[in-house]
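Each chain, written out:
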Amino acid sequence: MREMNGQLNDRINQLENEVAELKVLSESKNRKVSSNQNSRDEFNNISFSQSMNYRQFIQNNHEVVKLINDGCTNEAISQILNKSICEIEMIRRFIK
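Residues numbered from 1 in each chain as written. Predicted model: local features only at pLDDT ≥ 70, side-chain atom pairs only at ≥ 80, totals over all residues. Heavy atoms only, no water.

(A) Spatial organisation of the side chain of R92. Positionally, R92 belongs in helix 5 (residues 85-95). Although buried, R92 forms no salt bridge, and the nearest oppositely charged side chain, E75, lies 7.5 Å from it. A polar side-chain atom of R92 sits 2.7 Å from a polar atom in the side chain of N74. The contacts of R92, once residues within four sequence positions are left out, are I68, C72, T73, N74 and I77. (Helix = DSSP H or I, 4+ residues; strand = E, 2+ residues; numbered from the N terminus. Buried < 20%, exposed > 50% of the residue type's maximum accessible area, 1.4 Å probe, protein only. Lys, Arg positive; Asp, Glu negative; His and termini not counted. Salt bridge = Lys/Arg side-chain N within 4 Å of Asp/Glu carboxyl O. Polar contact = N/O pair within 3.5 Å; in protein donor to acceptor, adjacent residues only side chain to side chain. Contact = heavy atoms within 4.5 Å.)

(B) Spatial organisation of the pattern of salt bridges. A complete count under the given rule lists three salt bridges for this structure. D70 is the salt-bridge partner of K66, the closest N and O atoms lying 3.0 Å from each other. A salt bridge links E89 to R93; its shortest N-O distance comes to 3.8 Å. Highlighted residues: E89 and R93, both in helix 5, separated by four residues, approximately one helical turn. Among the residues examined, R93 registers a relative accessible area of 61% and is labelled exposed.

(C) Geometry of the packing of helix 3 (residues 62-69) against helix 5. The interhelical angle for the contact between helix 3 and helix 5, taken along N-to-C directions, is 75°, at an axis separation of 10 Å. As judged from the angle between their axes, helix 3 and helix 5 are roughly perpendicular. Across from V64, V65 and I68 in helix 3, the residues of helix 5 making contact are I88, I91, R92 and I95. Each residue belonging to the contact of helix 3 with helix 5 can be placed in one class, and the counts come to six nonpolar, no polar and one charged. (Axes fitted to C-alpha atoms, helices over the stretch in contact; angles between N-to-C directions. Parallel < 35°, antiparallel > 145°, perpendicular 65-115°, else oblique. Nonpolar A, V, L, I, M, F, W, Y, C, P; charged D, E, K, R; others polar.)

Given below as structure tokens:
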């Protein structure tokens, strides 16, 4: 009986840990969705000429933007794409 209670307590603890991990993942995903929605809202408030300039900028620098979104550092991006760190920093600041 004690052994069974011990096993049940272990399983309950394991499940509680898994639930806690799922909550953290869910909150992280919700923050990301909220952030994406805010970005879309900000983009929709930009005038047409500004949005065209922004789109052209993103198209011209799509490789850098992709690496930034993937979480690469400025130094890593500059090495991968053979661009200056200052250029990468400027692009990073512009897309924020």
